[in-house]
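Reading the structure
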Amino acid sequence: CPADQGCFDGQCIAACEAVAEHEGNLGCAFSAATPPGTGAGWPGAEGQSLLGPCYAAFVANTWSRPAKLSLSYGGQPIDLSAYARIPSGPPPHPSYEPLPPEGVPPGEVAVVFLRHDPQANNAGIPLTCPVTPAITHTTAPAGSGRGSGFRITSDTPISAYALHSYGGAWGFLPSATLLIPESTLSTDYVVVAPHGDYVNPVLAGQRWVNIVGVGASTSVTITPRTQLPAGPGLPAAPASQPTTVQLAAGETVQWLGLGSDPTGAVIEASQAVAVFAGNTYLRVVGAESVDGGHDASHQQIPPVAALGHEYVGGGVVTRLANLTHETVFYRLMGVADGTLL
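Thresholds, definitions, all that
Residues numbered from 1 in each chain as written. Predicted model: local features only at pLDDT ≥ 70, side-chain atom pairs only at ≥ 80, totals over all residues. Heavy atoms only, no water. Helix = DSSP H or I, 4+ residues; strand = E, 2+ residues; numbered from the N terminus. Rg over C-alpha atoms; globule rule 2.2 N^0.38 Å. Buried < 20%, exposed > 50% of the residue type's maximum accessible area, 1.4 Å probe, protein only. Contact = heavy atoms within 4.5 Å. Areas by Shrake-Rupley, 256 points an atom, 1.4 Å probe, with all protein chains shown as cover. Lys, Arg positive; Asp, Glu negative; His and termini not counted. Charge placed at Lys NZ, Arg CZ, Asp CG, Glu CD. 1 Å grid on protein atoms, 1.4 Å probe; cavity = no way out; pocket = protein on both sides within 12 Å on 5 of 7 lines; lining within 4 Å. Points joined across faces, edges and corners; volume = space filled by probe spheres on them. Nonpolar A, V, L, I, M, F, W, Y, C, P; charged D, E, K, R; others polar. Patch = residues over 30% accessible without salt bridge, like charges linked within 9 Å, V, L, I, M, F, W, Y side chains within 5 Å. Salt bridge = Lys/Arg side-chain N within 4 Å of Asp/Glu carboxyl O. Disulfide = S-S within 2.5 Å. Polar contact = N/O pair within 3.5 Å; in protein donor to acceptor, adjacent residues only side chain to side chain. Arc of directions from axis to C-beta.

Moving on: the overall build of the chain. For the chain, the count of helices and strands is 1 helix and 21 strands. Its C-alpha radius of gyration of 20 Å places the chain within 12% of the 20 Å reference for a compact globule of 341 residues. Its C-alpha atoms put the chain at 55 × 45 × 45 Å along the principal axes. In the chain, which comprises 341 residues, the share counted as buried stands at 48%. Long-range pairs, those at least 24 residues apart, make up 73% of the contacts in the chain between residues at least 6 apart in sequence. Of the roughly 15,700 Å² of accessible surface on the chain, a fraction of 56% belongs to carbon and sulfur atoms. Each charge class in the chain can be summarised by its mean position, and for the 11 positive and 24 negative side chains these summaries are 7 Å apart.

Rendered as structure tokens:
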């Protein structure tokens, strides 16, 4: 097939249409919510300096032609050229080259700097992007509430990842997720969020769920197992009862609060939506490590149609100084009654 096409069912068709048929992680449109910052959900969190760190998306082009990108926020287009860069050189301080006019070259990765609050810092250390991002204010509610999402589109299939906050350990409590293309999204989800602190619940972060509207005038019904708290413009979602909200294209709703857990919540929408869940301050304590360390966590949740029945747990690189084995926790959730594990 020529560079602008892909193969499906033995035929060459438009590249974006070909990858959409496969419903994998390659795609030409991605919607993403901004994860809440560390401290979100705690009283007085709105004034904390940790709530607006650098949020960025990585775009990988493995196709054989350049990928020309577009960006929007809350449904409004933004000139992406000023905010996308190709990093070069070793971390933590690589150089950032402007994106070529024709787009992300084949075999390259571009970083799209989406958001930061210019005042974001950790004990005086800036948590801002190395390049001025598209939005220069906090874009995630501090608790439950409504907000706006980002959308990245491409004329060529790409894979995309989101990092919050950008910079790895230098960015303070980073977390990352593979972004699921809109062609793979659906209308039915069951939410799973990271666990709390098994040893000391006082140190646990706040678990949350965020839903992004992809199409216009989407009706979303959520039925959680535990009550999810109300926020500005957003009703509480009582346990075991359906709560329905309306979403515009590019609009988000987020439920977050002390003690709430969206795990097990069933989401049904009138058209495809993107669903994210996480923990603002995840403390993972294993049998070999008493303190466990802390990071944030956010993950895009695949729709029910994309789930499977066989999984491989990749584990993690040990955090122990002697490099010995470390316990890895998995949180497993049943989706259908009578499932045998």
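Attention now moves to empty space enclosed by the protein. Summed over all chains, the structure comprises 2 cavities of 30 Å³ or more. The space that makes up the second largest cavity amounts to roughly 50 Å³. Taken together, Phe30, Ala32, Tyr55, Ala57, Leu114, Phe150, Arg151, Ile152, Ala162 and Leu179 make up the lining of the second largest cavity. Of all the secondary-structure elements, those providing two or more residues to the lining of the second largest cavity are β3 (27-32), β4 (55-60) and β13 (150-164). Top element by residues in the lining of the second largest cavity is β13. It accounts for 4 residues. Class assignment of the residues belonging to the lining of the second largest cavity gives a composition of 9 nonpolar, no polar and 1 charged.

Here we come to a nonpolar patch on the surface. A surface patch of nonpolar side chains, amounting to about 370 Å² of accessible area, comprises Val304, Leu307, Tyr311 and Val335. Inspection of the secondary structure assignment puts Tyr311 in the segment after β21 (294-301).

This part is about the pattern of salt bridges. Where charged atoms from two side chains of opposite charge approach closely, those side chains can pair. Tallying each qualifying case throughout the model produces 4 salt bridges. Of the charged contacts in the structure, one is a salt bridge between Arg151 and Glu182, with a shortest N-O distance of 2.7 Å. With a gap of 31 residues between them, Arg151 in strand β13 and Glu182 in the loop between β14 (175-178) and β15 (186-190) connect regions that are remote in the sequence.

A disulfide bridge is the covalent bond that connects two cysteines by way of their sulfur atoms. Scanning the model with the defined rule gives 3 disulfides in all. Residue pairing for Cys16: its cysteine sulfur links by disulfide to Cys28, the two sulfurs lying 2.0 Å apart. Linking Cys16 and Cys28, the disulfide has an S-S dihedral of approximately -90 degrees and is accordingly described as left-handed. Residue Cys16 is found in helix α1 (residues 15-22), and its partner Cys28 is found in strand β3; the two are separated by 12 residues along the sequence. With a relative accessible area of 13%, Cys28 lands in the buried category.

Let's shift gears to a negative patch on the surface. A cluster of acidic residues, Asp9, Glu17, Glu21 and Glu23, forms a negative patch on the protein surface. Along the polypeptide, Asp9 turns up in the loop between β1 (5-8) and β2 (11-14). Judged by relative accessible area, Asp9 falls into the exposed class, the value being 69%.

Mapped onto the elements, Ser144 comes out in the loop between β11 (125-126) and β12 (145-148). Take Ser144: its relative accessible area is 7%, and that puts it in the buried class. Within the local environment of Ser144, its side chain forms a polar contact with the backbone oxygen of Pro229, the two atoms lying 2.7 Å apart. At a separation of 2.9 Å, a polar atom in the side chain of Ser144 contacts the main-chain amide nitrogen of Leu256. In contact with Ser144, other than residues within four places in its own chain, are Pro229, Ala230, Gly231, Pro232, Leu234, Gln254, Trp255 and Leu256.

So, about the environment of Thr252. Take Thr252: it is sitting in strand β19 (residues 251-256). Among residues more than four places away in sequence, those in contact with Thr252 are Ala33, Gly145, Arg146, Gly147, Ser148, Gly149, Asn210, Ile211, Val212 and Leu247.

Estimated volume of the second largest pocket: approximately 400 Å³. What lines the second largest pocket is a set of 17 residues, among which Pro92, His93, Tyr166, Gly167 and Trp170 lie closest to the centre. Split into classes, the residues belonging to the lining of the second largest pocket amount to 11 nonpolar, 6 polar and no charged.

For α1, the full list of buried residues reads Ala15, Ala18 and Val19. All buried residues of α1 project into a common sector of 90 degrees when viewed along the axis, lining one side. As for α1, its buried residues are in contact with β1, β2, β3 and β13.

For the rest of this paragraph, the subject is unusual backbone geometry. In this chain, His164 is followed by Ser165 through a cis amide linkage whose omega measures -5 degrees. One can find Ser165 in the loop between β13 and β14. Notably, Ser217 is not glycine yet its phi reads approximately 55 degrees, a positive angle. Phi at Leu323 is positive, roughly 60 degrees, even though this residue is not glycine. Among the secondary structure elements, Leu323 is positioned in the segment after β21.

These results come straight from atomic positions and should not be treated as a statement about function.
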